[in-house]
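Spelled out from the first residue to the last, the chains are:
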Amino acid sequence: MSLSPETRVGASLDLSGNSMETSKGEISLPKEWESFLLKYVPALKGKLGEMEALWNLSNFQSVFPLLEVVGAEEGGSQKLGKNLKKLPSGTTVAVDGGPGGSEALSEVEEILRLGGEFSDSLLPPWTISVVPVIRYGDGYASLDVFQRLNEKYQSGYLLRLGSSESDPDVAEAESEVPLLLSNLGADPGEVDLVLDYGEVDSEREVERVTPSARLAVEWAARRRWRSVTLLSGAFPASISGFKVDHEHRLTRHEVSLWRAVSSHSPQEIELHYGDYATNHPALASGAGPWRSLPNLRYARGQEWIIHRKKAHREQENSPFYEICQSIVNDPRWEGENFSWADKMISRGARTYEGLGNAAKWVALGRSRHIEVVKHRLATLGEP
(Lines give C-alpha, C1' and ligand atoms only; values in the text may rest on other atoms or scores of the structure.)
Protein backbone atom coordinates (compact mmCIF):
# COMPACT_ATOMS: atom_id res chain seq x y z
CA MET A 1 0.00 0.00 0.00
CA SER A 2 1.28 3.50 -0.83
CA LEU A 3 1.44 6.08 1.96
CA SER A 4 0.70 9.68 1.05
CA PRO A 5 3.19 12.36 2.14
CA GLU A 6 0.59 13.55 4.66
CA THR A 7 0.26 10.05 6.12
CA ARG A 8 4.04 9.74 6.38
CA VAL A 9 4.31 13.06 8.20
CA GLY A 10 1.56 11.99 10.57
CA ALA A 11 3.27 8.68 11.24
CA SER A 12 6.49 10.53 12.06
CA LEU A 13 4.67 12.85 14.48
CA ASP A 14 2.84 9.98 16.13
CA LEU A 15 6.21 8.47 16.92
CA SER A 16 7.19 11.39 19.13
CA GLY A 17 7.08 9.22 22.20
CA ASN A 18 9.34 6.56 20.75
CA SER A 19 11.63 8.32 18.30
CA MET A 20 14.58 10.38 19.39
CA GLU A 21 16.91 13.00 18.03
CA THR A 22 20.47 11.92 18.64
CA SER A 23 23.39 14.10 19.67
CA LYS A 24 24.35 14.31 16.00
CA GLY A 25 20.99 15.88 15.16
CA GLU A 26 19.61 13.04 13.02
CA ILE A 27 16.22 11.44 13.53
CA SER A 28 16.47 7.87 14.85
CA LEU A 29 13.35 5.72 14.56
CA PRO A 30 12.62 2.38 16.19
CA LYS A 31 13.70 -0.58 14.02
CA GLU A 32 10.12 -1.78 13.54
CA TRP A 33 9.18 1.53 11.91
CA GLU A 34 11.85 1.41 9.20
CA SER A 35 9.43 -0.23 6.78
CA PHE A 36 7.31 2.93 6.89
CA LEU A 37 10.20 5.11 5.75
CA LEU A 38 10.78 5.87 2.11
CA LYS A 39 13.96 4.23 0.90
CA TYR A 40 16.64 6.57 -0.41
CA VAL A 41 18.90 5.30 -3.20
CA PRO A 42 21.83 7.68 -3.77
CA ALA A 43 23.60 6.69 -7.00
CA LEU A 44 27.26 7.48 -6.36
CA LYS A 45 30.48 7.11 -8.29
CA GLY A 46 32.62 4.58 -6.44
CA LYS A 47 35.48 7.04 -5.84
CA LEU A 48 37.27 8.22 -2.72
CA GLY A 49 35.19 11.34 -2.06
CA GLU A 50 31.89 9.49 -2.31
CA MET A 51 33.14 6.62 -0.17
CA GLU A 52 34.39 8.95 2.56
CA ALA A 53 30.92 10.49 2.68
CA LEU A 54 29.45 7.02 3.26
CA TRP A 55 32.07 6.09 5.87
CA ASN A 56 30.93 9.09 7.90
CA LEU A 57 27.17 8.75 7.41
CA SER A 58 25.27 9.14 10.69
CA ASN A 59 23.48 5.85 9.99
CA PHE A 60 22.19 3.82 7.04
CA GLN A 61 18.56 3.82 8.17
CA SER A 62 16.50 3.80 4.93
CA VAL A 63 19.64 4.46 2.80
CA PHE A 64 20.53 1.95 0.05
CA PRO A 65 23.60 3.21 -1.85
CA LEU A 66 24.01 2.33 -5.52
CA LEU A 67 27.74 2.49 -6.27
CA GLU A 68 29.09 2.70 -9.81
CA VAL A 69 32.55 1.34 -10.64
CA VAL A 70 34.60 4.14 -12.21
CA GLY A 71 37.73 3.45 -14.25
CA ALA A 72 37.68 -0.35 -13.94
CA GLU A 73 40.50 -0.60 -16.45
CA GLU A 74 42.60 1.63 -14.19
CA GLY A 75 42.06 -0.30 -10.97
CA GLY A 76 38.74 1.30 -10.03
CA SER A 77 37.16 -2.04 -9.09
CA GLN A 78 39.95 -2.95 -6.66
CA LYS A 79 39.84 0.52 -5.07
CA LEU A 80 36.08 0.27 -4.59
CA GLY A 81 36.40 -3.20 -3.08
CA LYS A 82 38.98 -1.97 -0.56
CA ASN A 83 36.88 1.07 0.33
CA LEU A 84 33.74 -1.01 0.83
CA LYS A 85 35.50 -2.76 3.71
CA LYS A 86 35.45 0.49 5.68
CA LEU A 87 31.66 0.64 5.72
CA PRO A 88 29.84 -0.35 8.93
CA SER A 89 29.19 -4.05 9.46
CA GLY A 90 25.83 -5.13 8.05
CA THR A 91 25.69 -2.46 5.34
CA THR A 92 24.01 -3.45 2.08
CA VAL A 93 25.08 -1.73 -1.14
CA ALA A 94 24.23 -2.24 -4.79
CA VAL A 95 27.23 -2.29 -7.12
CA ASP A 96 27.01 -1.45 -10.83
CA GLY A 97 30.01 -2.62 -12.86
CA GLY A 98 29.36 0.13 -15.42
CA PRO A 99 31.33 -0.26 -18.66
CA GLY A 100 33.40 -2.93 -16.91
CA GLY A 101 30.25 -5.04 -16.49
CA SER A 102 30.24 -8.29 -14.57
CA GLU A 103 34.04 -8.51 -14.74
CA ALA A 104 34.33 -5.32 -12.70
CA LEU A 105 31.78 -6.71 -10.24
CA SER A 106 33.80 -9.89 -9.89
CA GLU A 107 36.92 -7.86 -9.13
CA VAL A 108 35.08 -5.92 -6.40
CA GLU A 109 33.81 -9.13 -4.85
CA GLU A 110 37.26 -10.75 -5.05
CA ILE A 111 38.78 -7.93 -3.00
CA LEU A 112 36.02 -8.33 -0.41
CA ARG A 113 36.55 -12.08 -0.31
CA LEU A 114 40.29 -11.81 0.24
CA GLY A 115 39.85 -9.74 3.38
CA GLY A 116 42.70 -7.54 4.52
CA GLU A 117 43.13 -4.42 6.60
CA PHE A 118 40.18 -2.39 7.81
CA SER A 119 40.11 1.18 8.98
CA ASP A 120 38.51 0.78 12.40
CA SER A 121 38.44 -2.92 13.24
CA LEU A 122 39.21 -6.33 11.80
CA LEU A 123 35.86 -7.18 10.28
CA PRO A 124 35.30 -10.37 8.26
CA PRO A 125 34.79 -9.70 4.53
CA TRP A 126 31.21 -11.00 4.46
CA THR A 127 29.86 -8.27 6.77
CA ILE A 128 29.17 -6.13 3.69
CA SER A 129 26.32 -7.40 1.51
CA VAL A 130 26.58 -6.73 -2.23
CA VAL A 131 23.52 -6.53 -4.48
CA PRO A 132 24.54 -6.92 -8.13
CA VAL A 133 23.06 -4.41 -10.59
CA ILE A 134 21.61 -6.10 -13.67
CA ARG A 135 20.22 -4.93 -17.01
CA TYR A 136 18.31 -6.90 -19.59
CA GLY A 137 21.15 -6.50 -22.10
CA ASP A 138 23.53 -8.54 -19.95
CA GLY A 139 24.87 -11.75 -21.54
CA TYR A 140 24.80 -15.25 -20.12
CA ALA A 141 28.34 -15.02 -18.76
CA SER A 142 27.30 -11.98 -16.73
CA LEU A 143 24.24 -13.78 -15.41
CA ASP A 144 26.50 -16.48 -13.97
CA VAL A 145 28.40 -13.82 -11.99
CA PHE A 146 25.17 -12.24 -10.76
CA GLN A 147 23.78 -15.60 -9.65
CA ARG A 148 26.99 -16.45 -7.81
CA LEU A 149 26.88 -13.13 -5.93
CA ASN A 150 23.24 -13.68 -5.02
CA GLU A 151 24.00 -17.18 -3.73
CA LYS A 152 26.85 -15.85 -1.61
CA TYR A 153 25.16 -12.81 -0.11
CA GLN A 154 21.50 -13.88 -0.40
CA SER A 155 20.98 -10.29 -1.48
CA GLY A 156 18.82 -10.59 -4.59
CA TYR A 157 19.32 -8.19 -7.49
CA LEU A 158 18.86 -4.58 -8.52
CA LEU A 159 17.36 -4.20 -12.00
CA ARG A 160 18.26 -0.84 -13.52
CA LEU A 161 16.12 0.36 -16.43
CA GLY A 162 17.27 3.49 -18.24
CA SER A 163 20.53 5.40 -17.96
CA SER A 164 22.06 8.84 -18.40
CA GLU A 165 21.69 8.32 -22.16
CA SER A 166 18.16 6.94 -22.47
CA ASP A 167 14.92 6.74 -20.50
CA PRO A 168 13.37 3.39 -19.53
CA ASP A 169 11.47 1.81 -22.43
CA VAL A 170 8.34 0.15 -21.04
CA ALA A 171 7.50 -1.75 -24.24
CA GLU A 172 11.01 -3.17 -24.45
CA ALA A 173 11.05 -3.98 -20.75
CA GLU A 174 7.76 -5.85 -21.02
CA SER A 175 9.32 -8.28 -23.49
CA GLU A 176 12.87 -8.45 -22.09
CA VAL A 177 12.49 -8.40 -18.30
CA PRO A 178 10.53 -11.67 -17.94
CA LEU A 179 13.20 -13.45 -19.98
CA LEU A 180 15.98 -11.94 -17.86
CA LEU A 181 14.30 -13.01 -14.62
CA SER A 182 13.68 -16.46 -16.00
CA ASN A 183 17.35 -16.87 -16.97
CA LEU A 184 18.36 -15.76 -13.47
CA GLY A 185 15.80 -18.01 -11.84
CA ALA A 186 14.64 -14.93 -9.90
CA ASP A 187 11.24 -13.80 -8.72
CA PRO A 188 10.35 -10.06 -8.85
CA GLY A 189 10.15 -10.19 -5.05
CA GLU A 190 13.94 -10.71 -5.01
CA VAL A 191 14.56 -7.65 -7.19
CA ASP A 192 14.82 -3.93 -6.44
CA LEU A 193 13.63 -2.08 -9.55
CA VAL A 194 15.24 1.27 -10.35
CA LEU A 195 13.73 3.47 -13.07
CA ASP A 196 16.62 5.71 -14.11
CA TYR A 197 15.74 8.93 -15.97
CA GLY A 198 19.23 10.41 -15.87
CA GLU A 199 19.45 14.19 -16.07
CA VAL A 200 16.41 16.38 -15.33
CA ASP A 201 17.96 19.83 -15.24
CA SER A 202 14.89 22.05 -15.58
CA GLU A 203 11.17 22.19 -14.86
CA ARG A 204 10.61 21.85 -18.60
CA GLU A 205 12.54 18.57 -18.53
CA VAL A 206 10.50 17.45 -15.53
CA GLU A 207 7.31 18.11 -17.51
CA ARG A 208 8.68 16.13 -20.46
CA VAL A 209 9.70 13.13 -18.38
CA THR A 210 6.71 12.95 -16.04
CA PRO A 211 4.21 11.20 -18.39
CA SER A 212 6.79 8.55 -19.34
CA ALA A 213 7.78 7.98 -15.72
CA ARG A 214 4.16 7.61 -14.64
CA LEU A 215 3.63 4.96 -17.32
CA ALA A 216 6.77 3.14 -16.18
CA VAL A 217 5.53 3.11 -12.58
CA GLU A 218 2.15 1.78 -13.73
CA TRP A 219 3.99 -0.98 -15.59
CA ALA A 220 6.05 -1.73 -12.48
CA ALA A 221 2.85 -2.10 -10.44
CA ARG A 222 1.94 -5.23 -12.44
CA ARG A 223 4.60 -7.21 -10.58
CA ARG A 224 5.48 -7.47 -6.90
CA TRP A 225 9.00 -6.06 -6.89
CA ARG A 226 10.97 -5.92 -3.66
CA SER A 227 11.02 -2.14 -4.13
CA VAL A 228 10.54 0.44 -6.89
CA THR A 229 12.69 3.59 -7.04
CA LEU A 230 12.57 6.61 -9.32
CA LEU A 231 16.12 7.82 -9.97
CA SER A 232 17.17 11.09 -11.62
CA GLY A 233 19.57 13.97 -11.10
CA ALA A 234 19.68 17.72 -11.72
CA PHE A 235 23.25 18.61 -10.83
CA PRO A 236 25.21 20.03 -13.80
CA ALA A 237 28.10 18.20 -15.45
CA SER A 238 30.51 20.98 -14.47
CA ILE A 239 30.62 24.07 -12.28
CA SER A 240 33.71 25.46 -14.00
CA GLY A 241 31.62 28.17 -15.68
CA PHE A 242 30.21 29.43 -12.37
CA LYS A 243 31.53 32.85 -11.40
CA VAL A 244 33.99 32.79 -8.49
CA ASP A 245 33.36 34.64 -5.22
CA HIS A 246 29.61 34.27 -5.64
CA GLU A 247 26.97 31.96 -4.22
CA HIS A 248 24.97 30.21 -6.92
CA ARG A 249 21.63 28.54 -6.16
CA LEU A 250 20.41 25.53 -8.11
CA THR A 251 17.04 23.82 -7.83
CA ARG A 252 16.90 20.10 -7.09
CA HIS A 253 14.56 19.35 -9.99
CA GLU A 254 14.69 15.60 -9.28
CA VAL A 255 12.52 16.28 -6.23
CA SER A 256 9.87 17.86 -8.47
CA LEU A 257 9.92 14.81 -10.75
CA TRP A 258 9.55 12.37 -7.85
CA ARG A 259 6.68 14.43 -6.41
CA ALA A 260 4.86 14.62 -9.78
CA VAL A 261 5.16 10.85 -10.32
CA SER A 262 4.62 9.60 -6.76
CA SER A 263 1.42 11.64 -6.42
CA HIS A 264 -0.05 9.58 -9.29
CA SER A 265 1.43 6.20 -8.35
CA PRO A 266 -0.88 3.18 -8.13
CA GLN A 267 -1.88 2.19 -4.61
CA GLU A 268 0.11 -1.03 -4.97
CA ILE A 269 3.37 0.93 -5.31
CA GLU A 270 5.43 2.65 -2.63
CA LEU A 271 7.63 4.75 -4.89
CA HIS A 272 11.06 5.26 -3.34
CA TYR A 273 13.42 8.10 -4.16
CA GLY A 274 16.83 8.09 -5.83
CA ASP A 275 19.19 10.82 -7.00
CA TYR A 276 22.79 11.41 -8.05
CA ALA A 277 23.55 13.64 -5.06
CA THR A 278 25.84 16.52 -6.05
CA ASN A 279 27.08 14.87 -9.23
CA HIS A 280 25.95 14.62 -12.82
CA PRO A 281 24.35 11.30 -13.86
CA ALA A 282 26.88 10.61 -16.64
CA LEU A 283 29.57 8.17 -15.55
CA ALA A 284 32.97 9.88 -15.71
CA SER A 285 35.89 7.74 -16.82
CA GLY A 286 38.22 8.85 -14.05
CA ALA A 287 40.11 11.78 -12.61
CA GLY A 288 40.91 14.52 -15.08
CA PRO A 289 44.27 16.28 -15.43
CA TRP A 290 42.90 19.59 -14.09
CA ARG A 291 42.89 20.99 -10.59
CA SER A 292 39.62 22.23 -9.11
CA LEU A 293 39.28 25.68 -7.68
CA PRO A 294 38.17 25.61 -4.02
CA ASN A 295 34.45 24.85 -4.06
CA LEU A 296 31.62 23.31 -2.08
CA ARG A 297 28.27 21.95 -3.27
CA TYR A 298 26.07 22.52 -0.24
CA ALA A 299 22.52 21.14 -0.11
CA ARG A 300 19.80 22.99 1.78
CA GLY A 301 16.13 22.07 1.47
CA GLN A 302 15.21 21.71 -2.19
CA GLU A 303 18.24 23.52 -3.57
CA TRP A 304 22.02 23.46 -3.71
CA ILE A 305 24.19 26.45 -2.86
CA ILE A 306 27.37 26.42 -4.93
CA HIS A 307 30.37 28.15 -3.38
CA ARG A 308 33.41 28.72 -5.61
CA LYS A 309 36.55 30.69 -4.83
CA LYS A 310 39.68 31.73 -6.68
CA ALA A 311 42.83 29.96 -5.45
CA HIS A 312 45.47 32.02 -3.63
CA ARG A 313 48.99 32.02 -5.00
CA GLU A 314 50.68 31.23 -1.68
CA GLN A 315 48.10 28.84 -0.23
CA GLU A 316 46.01 27.90 -3.23
CA ASN A 317 43.33 26.02 -1.26
CA SER A 318 43.04 28.43 1.69
CA PRO A 319 39.91 30.12 0.21
CA PHE A 320 38.02 26.91 1.02
CA TYR A 321 38.18 27.94 4.67
CA GLU A 322 36.52 31.23 3.70
CA ILE A 323 33.70 29.12 2.26
CA CYS A 324 33.45 27.29 5.59
CA GLN A 325 33.23 30.60 7.43
CA SER A 326 30.44 31.90 5.19
CA ILE A 327 28.37 28.74 5.83
CA VAL A 328 28.89 28.83 9.59
CA ASN A 329 27.98 32.53 9.71
CA ASP A 330 24.73 31.98 7.76
CA PRO A 331 21.80 32.35 10.22
CA ARG A 332 20.08 29.39 8.49
CA TRP A 333 22.93 27.00 9.31
CA GLU A 334 21.63 24.02 11.31
CA GLY A 335 24.83 23.67 13.32
CA GLU A 336 27.77 21.29 13.31
CA ASN A 337 25.74 18.36 14.68
CA PHE A 338 23.54 18.13 11.58
CA SER A 339 26.08 16.03 9.67
CA TRP A 340 29.71 14.97 9.53
CA ALA A 341 30.14 17.52 6.73
CA ASP A 342 28.87 20.33 8.94
CA LYS A 343 31.20 19.26 11.73
CA MET A 344 34.16 19.42 9.32
CA ILE A 345 32.95 22.76 7.94
CA SER A 346 32.72 24.14 11.48
CA ARG A 347 36.28 23.02 12.11
CA GLY A 348 37.38 24.52 8.78
CA ALA A 349 35.93 27.87 9.82
CA ARG A 350 38.32 27.86 12.79
CA THR A 351 41.51 26.24 11.46
CA TYR A 352 43.38 25.77 8.17
CA GLU A 353 43.89 22.05 8.58
CA GLY A 354 42.68 18.87 6.92
CA LEU A 355 40.27 20.13 4.26
CA GLY A 356 42.53 21.40 1.51
CA ASN A 357 41.96 18.94 -1.34
CA ALA A 358 39.30 18.24 -3.96
CA ALA A 359 38.46 14.72 -2.73
CA LYS A 360 37.60 16.13 0.70
CA TRP A 361 35.40 18.83 -0.87
CA VAL A 362 33.55 16.11 -2.77
CA ALA A 363 33.09 14.08 0.41
CA LEU A 364 31.68 17.07 2.30
CA GLY A 365 29.20 17.91 -0.47
CA ARG A 366 27.98 14.32 -0.84
CA SER A 367 27.73 13.84 2.93
CA ARG A 368 25.70 17.00 3.43
CA HIS A 369 23.37 16.13 0.54
CA ILE A 370 22.65 12.60 1.77
CA GLU A 371 21.93 13.78 5.31
CA VAL A 372 19.58 16.51 4.04
CA VAL A 373 17.59 13.97 1.99
CA LYS A 374 17.53 11.49 4.89
CA HIS A 375 16.28 14.14 7.30
CA ARG A 376 13.56 15.37 4.92
CA LEU A 377 12.33 11.84 4.25
CA ALA A 378 12.15 11.07 7.96
CA THR A 379 10.44 14.32 8.95
CA LEU A 380 8.46 15.42 5.86
CA GLY A 381 7.90 12.18 3.99
CA GLU A 382 9.50 13.64 0.86
CA PRO A 383 13.06 14.32 -0.29
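First, a word on scope: everything that follows refers to the structure included in this document. Just so it is clear, the structure is predicted and the values come from calculations on it, not from any experiment. (Residues numbered from 1 in each chain as written. Predicted model: local features only at pLDDT ≥ 70, side-chain atom pairs only at ≥ 80, totals over all residues. Heavy atoms only, no water.)

## A look at the environment of S262
Cut-off, in case you're wondering: Counting from the N terminus, the helices are DSSP H or I runs at least four residues long and the strands are E runs at least two residues long.
The topology assignment puts S262 in helix α8 (residues 253–262). Note: C-alpha distance between S262 and A213 (49 residues apart in sequence) is 9.6 Å.

## Digging into the environment of G139
Among the secondary structure elements, G139 is positioned in the loop between β6 (129–134) and α5 (140–153). Along the sequence, G139 and L180 sit 41 residues apart, while their C-alpha atoms lie 9.6 Å from each other.

## Here's the deal with the pattern of salt bridges
What counts, and what does not: Whenever a carboxyl oxygen of Asp or Glu lies within 4 Å of a side-chain nitrogen of Lys or Arg, that contact is scored as a salt bridge.
Scanning all chains against the criterion turns up 27 salt bridges. Notably, a salt bridge pairs R208 with D167, separated by 3.4 Å at the nearest N-O pair. With a gap of 41 residues between them, R208 in helix α7 (residues 203–220) and D167 in the loop between β7 (157–161) and α6 (170–184) connect regions that are remote in the sequence. One salt bridge connects E382 with R259, and the closest N-O pair in it is separated by 2.9 Å. Separated by 123 residues along the polypeptide, E382 in the segment after α11 (358–380) and R259 in helix α8 bring together distant segments of the chain. The network of salt bridges with shared partners includes K45, E68, D96, R135, R160 and D196.

## A few points about the sheet that holds strand β12 (residues 295–300)
Working definition: the strands of a sheet are paired by backbone hydrogen bonds and lie parallel or antiparallel to each other. The condition that has to hold: The criterion for strand pairing is that DSSP finds at least two bridges linking the strands in question. Fitted lines through C-alpha atoms serve as axes, helices being fitted only where they are in contact, and the angles separating the N-to-C directions of these axes extend from 0 to 180 degrees. We call two residues in contact whenever any of their non-hydrogen atoms come within 4.5 Å of each other.
The sheet built from three strands is open, its strands ordered β10-β13-β12 with antiparallel pairing. Here the strands that pair on one side only, and so sit at the sheet edges, are β10 (246–251) and β12. On average, each strand axis in the sheet is tilted by 25 degrees relative to the strand beside it, whichever way the strands run. Each of β12 and β13 (303–308) touches helix α9 (residues 319–328); the most contacted strand, β12, lies at about 20 degrees to it. With respect to the sheet, α11 is in contact with β12 and β13, its orientation differing from that of β12 by roughly 5 degrees.

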